[in-house]
Amino acid sequence: DEYAAAWLRGVATGDMSSVRAATDIALSTSGAAVPTDMERRIVEKLQQVGVVRSLAKVNQIDSKRTITIEGALPATSLIGEAVSVTQDEVTFGTAITVTPYKYATRLTISQEFIEDAIGNGGIGSGLAYCADKCAMSIALKQEEAFTTGTGSSQPEGCMGSSMNTKLVNLSQVTDLGGAAITTITADNIIDTYHLVPPEYRMGASFSWLFHDTFLKTARKLKNTVSTSGSTDYIWTPANSTADTMTGGFPGTLYGTPYRVAKYAPTGTADGNIFALIGNFEYFEIFDRTGITSLVDPYSESATHQVNLIVYTRTDSRIMLANAFAAITC
(Lines give C-alpha, C1' and ligand atoms only; values in the text may rest on other atoms or scores of the structure.)
Protein backbone atom coordinates (compact mmCIF):
# COMPACT_ATOMS: atom_id res chain seq x y z
CA ASP A 1 0.00 0.00 0.00
CA GLU A 2 2.81 2.42 0.86
CA TYR A 3 4.58 1.71 -2.42
CA ALA A 4 1.36 2.24 -4.38
CA ALA A 5 0.73 5.58 -2.66
CA ALA A 6 4.31 6.73 -3.28
CA TRP A 7 4.10 5.74 -6.95
CA LEU A 8 0.86 7.67 -7.45
CA ARG A 9 2.33 10.74 -5.72
CA GLY A 10 5.36 10.52 -7.99
CA VAL A 11 3.16 10.39 -11.10
CA ALA A 12 1.14 13.38 -9.89
CA THR A 13 4.12 15.53 -8.89
CA GLY A 14 6.74 14.35 -11.36
CA ASP A 15 9.09 13.54 -8.45
CA MET A 16 9.91 9.79 -8.54
CA SER A 17 12.89 10.00 -6.20
CA SER A 18 11.10 8.02 -3.52
CA VAL A 19 10.16 5.25 -5.96
CA ARG A 20 12.60 2.85 -7.56
CA ALA A 21 12.53 3.59 -11.27
CA ALA A 22 11.72 0.81 -13.70
CA THR A 23 14.97 1.51 -15.53
CA ASP A 24 16.97 0.47 -12.48
CA ILE A 25 16.22 -3.16 -13.25
CA ALA A 26 16.24 -4.42 -16.81
CA LEU A 27 13.36 -6.88 -16.75
CA SER A 28 14.36 -8.47 -20.05
CA THR A 29 17.83 -9.38 -18.82
CA SER A 30 17.52 -9.92 -15.07
CA GLY A 31 14.15 -11.64 -14.94
CA ALA A 32 13.20 -9.47 -11.96
CA ALA A 33 9.59 -8.36 -11.73
CA VAL A 34 9.18 -4.59 -11.28
CA PRO A 35 6.22 -3.81 -9.02
CA THR A 36 4.32 -1.00 -10.71
CA ASP A 37 0.63 -0.49 -10.15
CA MET A 38 0.05 -0.12 -13.89
CA GLU A 39 0.23 -3.90 -14.44
CA ARG A 40 2.12 -6.10 -12.06
CA ARG A 41 0.33 -9.43 -11.99
CA ILE A 42 1.43 -12.64 -13.67
CA VAL A 43 -0.94 -13.85 -16.35
CA GLU A 44 -1.05 -17.63 -16.14
CA LYS A 45 -1.67 -19.99 -19.04
CA LEU A 46 -4.18 -22.80 -18.90
CA GLN A 47 -2.79 -26.31 -19.23
CA GLN A 48 -4.57 -29.60 -19.87
CA VAL A 49 -3.19 -31.94 -17.27
CA GLY A 50 -4.25 -34.96 -15.23
CA VAL A 51 -6.64 -36.47 -17.79
CA VAL A 52 -5.20 -39.99 -17.59
CA ARG A 53 -4.68 -39.65 -13.83
CA SER A 54 -8.37 -38.78 -13.40
CA LEU A 55 -9.36 -41.99 -15.22
CA ALA A 56 -6.80 -44.39 -13.75
CA LYS A 57 -6.81 -46.09 -10.39
CA VAL A 58 -4.27 -44.16 -8.27
CA ASN A 59 -2.38 -45.92 -5.46
CA GLN A 60 0.00 -44.67 -2.79
CA ILE A 61 2.91 -47.07 -2.24
CA ASP A 62 5.78 -47.07 0.24
CA SER A 63 8.33 -49.11 -1.71
CA LYS A 64 8.98 -51.06 -4.88
CA ARG A 65 6.15 -53.54 -5.32
CA THR A 66 5.38 -56.80 -7.14
CA ILE A 67 1.74 -57.50 -7.99
CA THR A 68 0.32 -60.89 -8.97
CA ILE A 69 -2.28 -60.99 -11.75
CA GLU A 70 -5.01 -63.63 -11.78
CA GLY A 71 -4.87 -66.25 -14.54
CA ALA A 72 -7.47 -68.96 -15.09
CA LEU A 73 -10.21 -70.02 -12.68
CA PRO A 74 -10.48 -73.63 -11.54
CA ALA A 75 -12.61 -75.76 -13.87
CA THR A 76 -16.18 -76.62 -12.90
CA SER A 77 -17.87 -79.79 -14.20
CA LEU A 78 -21.40 -81.08 -14.23
CA ILE A 79 -21.17 -84.50 -12.59
CA GLY A 80 -23.47 -87.27 -11.52
CA GLU A 81 -24.08 -88.80 -8.13
CA ALA A 82 -21.01 -90.40 -6.50
CA VAL A 83 -18.74 -89.24 -9.35
CA SER A 84 -15.28 -88.00 -8.41
CA VAL A 85 -14.67 -84.23 -8.77
CA THR A 86 -11.77 -83.41 -11.09
CA GLN A 87 -8.85 -81.80 -9.28
CA ASP A 88 -7.83 -78.34 -10.49
CA GLU A 89 -6.21 -75.16 -9.19
CA VAL A 90 -6.23 -71.40 -9.57
CA THR A 91 -3.51 -70.14 -11.93
CA PHE A 92 -1.75 -66.79 -12.08
CA GLY A 93 -0.22 -64.74 -14.86
CA THR A 94 3.11 -62.94 -14.97
CA ALA A 95 3.67 -60.74 -11.92
CA ILE A 96 3.93 -56.99 -12.49
CA THR A 97 6.75 -55.05 -10.84
CA VAL A 98 6.18 -51.43 -9.91
CA THR A 99 9.25 -49.19 -9.78
CA PRO A 100 8.71 -45.53 -8.86
CA TYR A 101 10.53 -43.25 -11.33
CA LYS A 102 11.71 -39.82 -10.26
CA TYR A 103 10.54 -36.64 -12.00
CA ALA A 104 12.25 -33.42 -10.99
CA THR A 105 12.64 -29.80 -12.02
CA ARG A 106 14.82 -26.96 -10.74
CA LEU A 107 14.56 -23.19 -10.96
CA THR A 108 17.05 -20.50 -10.00
CA ILE A 109 15.12 -17.41 -8.93
CA SER A 110 16.34 -13.93 -8.04
CA GLN A 111 15.46 -12.67 -4.59
CA GLU A 112 13.95 -9.59 -6.22
CA PHE A 113 11.50 -11.77 -8.12
CA ILE A 114 10.51 -13.60 -4.93
CA GLU A 115 9.91 -10.31 -3.15
CA ASP A 116 8.16 -8.45 -5.94
CA ALA A 117 6.31 -10.86 -8.23
CA ILE A 118 2.55 -11.02 -8.04
CA GLY A 119 1.15 -14.54 -8.05
CA ASN A 120 -2.17 -15.88 -6.85
CA GLY A 121 -1.42 -14.78 -3.31
CA GLY A 122 -0.54 -11.14 -4.05
CA ILE A 123 2.75 -9.32 -3.50
CA GLY A 124 5.60 -11.56 -2.39
CA SER A 125 4.03 -14.79 -3.67
CA GLY A 126 6.58 -15.24 -6.44
CA LEU A 127 8.09 -18.34 -4.80
CA ALA A 128 4.67 -19.95 -4.44
CA TYR A 129 3.97 -19.14 -8.09
CA CYS A 130 7.24 -20.80 -9.17
CA ALA A 131 6.50 -23.87 -7.04
CA ASP A 132 3.09 -24.17 -8.69
CA LYS A 133 4.63 -23.93 -12.15
CA CYS A 134 7.22 -26.61 -11.29
CA ALA A 135 4.43 -28.89 -10.12
CA MET A 136 2.51 -28.20 -13.33
CA SER A 137 5.59 -29.00 -15.43
CA ILE A 138 6.06 -32.30 -13.63
CA ALA A 139 2.37 -33.16 -13.98
CA LEU A 140 2.51 -32.55 -17.74
CA LYS A 141 5.60 -34.75 -18.09
CA GLN A 142 3.88 -37.48 -16.13
CA GLU A 143 0.72 -37.10 -18.22
CA GLU A 144 2.80 -37.75 -21.33
CA ALA A 145 4.29 -40.90 -19.77
CA PHE A 146 0.92 -42.14 -18.50
CA THR A 147 -0.35 -41.79 -22.08
CA THR A 148 2.48 -43.07 -24.30
CA GLY A 149 5.26 -44.25 -21.96
CA THR A 150 7.20 -47.34 -23.03
CA GLY A 151 7.43 -49.00 -19.62
CA SER A 152 11.21 -49.28 -20.04
CA SER A 153 13.02 -46.96 -17.58
CA GLN A 154 9.80 -44.94 -17.42
CA PRO A 155 6.11 -45.50 -16.62
CA GLU A 156 4.02 -47.64 -18.97
CA GLY A 157 1.47 -45.61 -20.92
CA CYS A 158 -2.07 -46.74 -21.58
CA MET A 159 -1.73 -45.74 -25.28
CA GLY A 160 1.91 -46.71 -25.73
CA SER A 161 3.46 -49.47 -27.82
CA SER A 162 3.29 -51.89 -24.90
CA MET A 163 -0.51 -51.66 -24.78
CA ASN A 164 -0.71 -52.05 -28.56
CA THR A 165 1.32 -55.28 -28.43
CA LYS A 166 -0.84 -56.72 -25.66
CA LEU A 167 -4.07 -55.84 -27.45
CA VAL A 168 -2.85 -57.32 -30.73
CA ASN A 169 -2.14 -60.58 -28.90
CA LEU A 170 -5.69 -60.46 -27.52
CA SER A 171 -7.20 -59.55 -30.93
CA GLN A 172 -8.80 -56.48 -29.38
CA VAL A 173 -7.66 -54.03 -32.06
CA THR A 174 -9.35 -52.35 -35.03
CA ASP A 175 -6.37 -51.72 -37.32
CA LEU A 176 -6.64 -49.01 -39.98
CA GLY A 177 -3.71 -50.54 -41.88
CA GLY A 178 -1.48 -47.48 -41.82
CA ALA A 179 -4.27 -45.02 -42.72
CA ALA A 180 -4.52 -41.59 -41.12
CA ILE A 181 -6.69 -40.78 -38.12
CA THR A 182 -9.02 -38.82 -40.42
CA THR A 183 -10.11 -42.07 -42.14
CA ILE A 184 -11.98 -43.53 -39.15
CA THR A 185 -15.56 -44.63 -39.77
CA ALA A 186 -18.61 -45.21 -37.62
CA ASP A 187 -18.07 -48.94 -38.15
CA ASN A 188 -14.57 -48.62 -36.64
CA ILE A 189 -16.02 -47.02 -33.51
CA ILE A 190 -18.79 -49.62 -33.11
CA ASP A 191 -16.49 -52.58 -33.82
CA THR A 192 -13.91 -51.38 -31.28
CA TYR A 193 -16.52 -50.85 -28.57
CA HIS A 194 -17.65 -54.46 -28.94
CA LEU A 195 -14.07 -55.78 -28.79
CA VAL A 196 -14.09 -54.95 -25.07
CA PRO A 197 -15.51 -57.98 -23.22
CA PRO A 198 -19.01 -57.18 -21.83
CA GLU A 199 -17.94 -57.72 -18.22
CA TYR A 200 -15.63 -54.69 -18.47
CA ARG A 201 -18.14 -52.39 -20.21
CA MET A 202 -19.57 -50.95 -17.03
CA GLY A 203 -18.77 -48.62 -14.17
CA ALA A 204 -17.55 -45.04 -13.94
CA SER A 205 -14.09 -45.94 -15.24
CA PHE A 206 -15.31 -47.26 -18.60
CA SER A 207 -14.35 -44.56 -21.08
CA TRP A 208 -12.88 -43.59 -24.44
CA LEU A 209 -9.52 -41.82 -24.54
CA PHE A 210 -8.29 -40.06 -27.68
CA HIS A 211 -6.78 -36.87 -29.12
CA ASP A 212 -8.89 -33.88 -30.10
CA THR A 213 -8.17 -34.69 -33.76
CA PHE A 214 -10.00 -38.00 -33.34
CA LEU A 215 -12.91 -36.24 -31.65
CA LYS A 216 -13.20 -33.72 -34.47
CA THR A 217 -13.12 -36.49 -37.09
CA ALA A 218 -15.78 -38.53 -35.29
CA ARG A 219 -17.99 -35.50 -34.95
CA LYS A 220 -17.89 -34.95 -38.74
CA LEU A 221 -18.95 -38.49 -39.69
CA LYS A 222 -22.00 -38.34 -41.98
CA ASN A 223 -24.72 -40.65 -43.18
CA THR A 224 -26.09 -40.48 -46.75
CA VAL A 225 -29.86 -40.88 -47.02
CA SER A 226 -30.42 -43.12 -50.04
CA THR A 227 -33.85 -41.76 -50.96
CA SER A 228 -32.86 -38.11 -51.08
CA GLY A 229 -29.08 -38.20 -51.37
CA SER A 230 -28.78 -35.77 -48.45
CA THR A 231 -26.17 -36.21 -45.76
CA ASP A 232 -26.61 -35.89 -42.01
CA TYR A 233 -24.12 -35.95 -39.17
CA ILE A 234 -24.23 -39.33 -37.43
CA TRP A 235 -23.08 -37.94 -34.11
CA THR A 236 -25.72 -35.39 -33.23
CA PRO A 237 -27.15 -33.80 -30.06
CA ALA A 238 -29.28 -36.08 -27.94
CA ASN A 239 -32.50 -34.18 -28.66
CA SER A 240 -32.17 -34.86 -32.40
CA THR A 241 -34.12 -37.57 -34.21
CA ALA A 242 -30.85 -38.63 -35.86
CA ASP A 243 -29.21 -39.41 -32.53
CA THR A 244 -27.44 -42.71 -33.28
CA MET A 245 -23.95 -42.39 -31.85
CA THR A 246 -24.43 -40.68 -28.51
CA GLY A 247 -26.43 -40.94 -25.34
CA GLY A 248 -25.96 -37.25 -24.55
CA PHE A 249 -23.86 -34.85 -26.60
CA PRO A 250 -21.06 -34.00 -26.04
CA GLY A 251 -20.24 -36.30 -23.16
CA THR A 252 -20.49 -39.72 -24.81
CA LEU A 253 -19.51 -41.53 -27.99
CA TYR A 254 -21.64 -44.59 -28.78
CA GLY A 255 -23.10 -44.20 -25.31
CA THR A 256 -19.69 -44.17 -23.60
CA PRO A 257 -18.03 -41.15 -21.91
CA TYR A 258 -14.85 -39.86 -23.52
CA ARG A 259 -11.82 -37.86 -22.43
CA VAL A 260 -9.49 -35.87 -24.68
CA ALA A 261 -5.77 -36.46 -24.07
CA LYS A 262 -3.25 -33.95 -25.45
CA TYR A 263 -0.49 -36.58 -25.75
CA ALA A 264 -2.59 -39.25 -27.50
CA PRO A 265 -0.94 -40.32 -30.79
CA THR A 266 -2.10 -38.79 -34.08
CA GLY A 267 0.74 -39.71 -36.48
CA THR A 268 0.61 -42.53 -39.02
CA ALA A 269 3.42 -44.57 -37.48
CA ASP A 270 2.47 -48.24 -37.53
CA GLY A 271 1.01 -49.35 -34.22
CA ASN A 272 -0.01 -45.92 -32.93
CA ILE A 273 -3.17 -46.10 -30.85
CA PHE A 274 -5.58 -43.47 -32.16
CA ALA A 275 -8.35 -44.29 -29.69
CA LEU A 276 -8.51 -46.44 -26.59
CA ILE A 277 -11.67 -47.67 -24.91
CA GLY A 278 -11.82 -49.71 -21.76
CA ASN A 279 -12.19 -49.93 -18.04
CA PHE A 280 -9.44 -47.73 -16.61
CA GLU A 281 -9.69 -49.43 -13.21
CA TYR A 282 -7.19 -51.80 -14.85
CA PHE A 283 -4.68 -49.07 -15.65
CA GLU A 284 -3.05 -48.07 -12.38
CA ILE A 285 -0.79 -45.24 -11.22
CA PHE A 286 1.51 -45.82 -8.25
CA ASP A 287 2.71 -42.69 -6.43
CA ARG A 288 5.65 -43.23 -4.09
CA THR A 289 5.36 -39.80 -2.49
CA GLY A 290 3.53 -36.58 -3.04
CA ILE A 291 5.28 -33.64 -4.66
CA THR A 292 8.29 -32.62 -2.56
CA SER A 293 9.98 -29.22 -2.75
CA LEU A 294 13.38 -28.05 -1.52
CA VAL A 295 14.32 -24.39 -1.22
CA ASP A 296 18.09 -23.78 -1.28
CA PRO A 297 19.02 -20.14 -0.50
CA TYR A 298 22.74 -20.84 -0.05
CA SER A 299 24.26 -22.30 -3.23
CA GLU A 300 23.63 -19.11 -5.25
CA SER A 301 23.75 -16.68 -2.34
CA ALA A 302 26.63 -14.67 -3.86
CA THR A 303 24.28 -13.50 -6.61
CA HIS A 304 21.30 -13.24 -4.26
CA GLN A 305 19.44 -16.09 -5.94
CA VAL A 306 17.49 -19.06 -4.63
CA ASN A 307 17.35 -22.61 -6.02
CA LEU A 308 13.94 -24.26 -5.99
CA ILE A 309 13.93 -28.03 -6.55
CA VAL A 310 10.65 -29.92 -6.93
CA TYR A 311 10.37 -33.68 -7.44
CA THR A 312 8.04 -36.64 -7.19
CA ARG A 313 8.22 -40.41 -7.82
CA THR A 314 5.62 -42.45 -9.66
CA ASP A 315 4.99 -45.37 -11.98
CA SER A 316 2.06 -46.63 -14.05
CA ARG A 317 1.20 -50.08 -15.31
CA ILE A 318 -1.35 -51.81 -17.53
CA MET A 319 -2.74 -54.34 -15.07
CA LEU A 320 -5.14 -56.16 -17.40
CA ALA A 321 -5.10 -55.50 -21.15
CA ASN A 322 -8.24 -57.66 -21.54
CA ALA A 323 -10.25 -54.71 -20.24
CA PHE A 324 -9.36 -52.52 -23.27
CA ALA A 325 -9.65 -52.27 -27.05
CA ALA A 326 -8.14 -49.79 -29.50
CA ILE A 327 -8.29 -48.27 -32.96
CA THR A 328 -4.73 -48.31 -34.31
CA CYS A 329 -2.85 -46.98 -37.30
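Residues numbered from 1 in each chain as written. Predicted model: local features only at pLDDT ≥ 70, side-chain atom pairs only at ≥ 80, totals over all residues. Heavy atoms only, no water.

1. Thoughts on the overall build of the protein
Along its length, the protein carries eight helices and 17 strands. A buried classification covers 39% of the 329 residues belonging to the protein. Across the protein, contacts joining residues at least 24 apart in sequence account for 71% of those joining residues at least 6 apart. (Helix = DSSP H or I, 4+ residues; strand = E, 2+ residues; numbered from the N terminus. Buried < 20%, exposed > 50% of the residue type's maximum accessible area, 1.4 Å probe, protein only. Contact = heavy atoms within 4.5 Å.)

2. Things to note about helix 7 (residues 186–193)
Within an α-helix, residues lying three or four positions from one another point in the same direction, as the helix has 3.6 residues per turn. All buried positions along helix 7 are accounted for by Ala186, Asn188, Ile189, Thr192 and Tyr193. Taken around the axis of helix 7, the buried residues stretch over an arc of 165°, which confines them to a single face. (Arc of directions from axis to C-beta.)

3. Some remarks on the pattern of salt bridges
Across all of its chains, the model carries four salt bridges by this definition. A salt bridge links Glu156 to Lys166; its shortest N-O distance comes to 3.2 Å. On the criterion of sequence distance, the pair formed by Glu156 in the loop between helix 5 (126–148) and helix 6 (161–170) and Lys166 in helix 6 is long-range, its members being ten residues apart. The exposure class of Glu156 is buried, given its relative accessible area of 7%. Between Asp315 and Arg317 there is a salt bridge, with the nearest N and O atoms lying 3.2 Å from each other. Asp315 gets classed as buried once you look at its relative accessible area, which sits at 0%. (Salt bridge = Lys/Arg side-chain N within 4 Å of Asp/Glu carboxyl O.)

4. Here's the deal with the packing of aromatic side chains
Scanning the entire structure with this criterion turns up seven aromatic pairs. Both rings, one in Tyr200 and one in Tyr282, keep their centres 5.4 Å apart while their planes meet at 80°; by these two values the pair is edge-to-face. You can see Tyr200 sitting in the loop between helix 7 and strand 8 (206–210) and its partner Tyr282 sitting in the loop between strand 13 (273–279) and strand 14 (283–287), a full 82 residues away along the chain. Among the residues examined, Tyr282 registers a relative accessible area of 30% and is labelled partly exposed. (Phe/Tyr/Trp six-rings, centres within 6.5 Å; stacked < 30°, edge-to-face > 60°.)

5. Digging into unusual backbone geometry
The phi torsion at Ser171 lies on the positive side, around 60°, for a residue other than glycine. Along the chain, Ser171 turns up in the loop between helix 6 and strand 7 (173–175). Note on Ser171: relative accessible area 55%, which makes it exposed. Its identity as a non-glycine residue notwithstanding, Tyr254 has a phi of 55°, on the positive side. Relative to the helices and strands, Tyr254 is located in the loop between strand 11 (252–253) and strand 12 (256–260). We classify Tyr254 as partly exposed; its relative accessible area is 24%.

6. Considering the environment of Ala117
With respect to the helices, strands and loops of the structure, Ala117 is situated in the loop between helix 4 (111–116) and strand 5 (118–119). Distance from Ala117 to Tyr129, taken between C-alpha atoms, is 8.6 Å for residues twelve residues apart in sequence.

7. Here's the deal with the nonpolar core
Counting 55 residues, the largest nonpolar core has Trp208, Leu209, Phe214, Leu276 and Phe283 as its most contacted members. Examining the composition of this core, we find that five residues originate from one element, strand 13, more than from any other. Excluding residues that lie within four positions of it along the chain, Phe214 makes contacts with Ile181, Ile184, Ile189, Leu253, Phe274, Ala275 and Ile327. Of all hydrophobic cores here, the second largest spans 14 residues; its members include Tyr103, Phe113, Val306 and Val310. (Core = buried A, V, L, I, M, F, W, Y, C linked by side-chain atoms within 4.5 Å.)

8. Points about the environment of Ile234
Here Ile234 shows up in the loop between strand 10 (231–233) and strand 11. C-alpha of Ile234 to C-alpha of Ala218: the two residues are 16 residues apart in sequence and 8.8 Å apart in space.

9. What to know about the environment of Met163
Mapped onto the elements, Met163 comes out in helix 6. Each C-alpha atom of the pair Met163 and Ala326 lies 9.2 Å from the other, and the pair is 163 residues apart in sequence. In contact with Met163, not counting residues within four places along its chain, are Gly157, Cys158, Ile273, Leu276, Ile318, Ala321 and Phe324.

10. Some words on the confidence of the model for the protein
Mean pLDDT over the protein works out to 81, with 77% of the residues at or above the 70 mark. Predicted confidence for residues 20–40 stays below pLDDT 50, and this span has 26 contacts to residues more than four positions away or in other chains. (pLDDT = per-residue confidence, 0-100.)

11. Points about the layout of surface pockets
Space inside the largest pocket adds up to approximately 240 Å³. The wall of the largest pocket is formed by 14 residues, among which Ile69, Glu70, Met319, Leu320 and Asn322 lie closest to the centre. Of the residues assigned to the lining of the largest pocket, the class counts are seven nonpolar, five polar and two charged. In this structure, the second largest pocket occupies an estimated 160 Å³ of space. Counting residues per element, the ones that place at least two in the lining of the second largest pocket are helix 5 and strand 16 (305–318). The dominant element in the lining of the second largest pocket, judged by the number of residues it contributes, is helix 5, at six residues. (1 Å grid on protein atoms, 1.4 Å probe; cavity = no way out; pocket = protein on both sides within 12 Å on 5 of 7 lines; lining within 4 Å. Points joined across faces, edges and corners; volume = space filled by probe spheres on them. Nonpolar A, V, L, I, M, F, W, Y, C, P; charged D, E, K, R; others polar.)

12. Some words on a nonpolar patch on the surface
A cluster of nonpolar side chains, contributed by Ile79, Val83 and Val85, occupies part of the molecular surface with about 260 Å² of accessible area. For Val85, the location among the structural elements is in the loop between strand 2 (65–67) and strand 3 (96–98). We classify Val85 as exposed; its relative accessible area is 63%. (Patch = residues over 30% accessible without salt bridge, like charges linked within 9 Å, V, L, I, M, F, W, Y side chains within 5 Å. Areas by Shrake-Rupley, 256 points an atom, 1.4 Å probe, with all protein chains shown as cover.)

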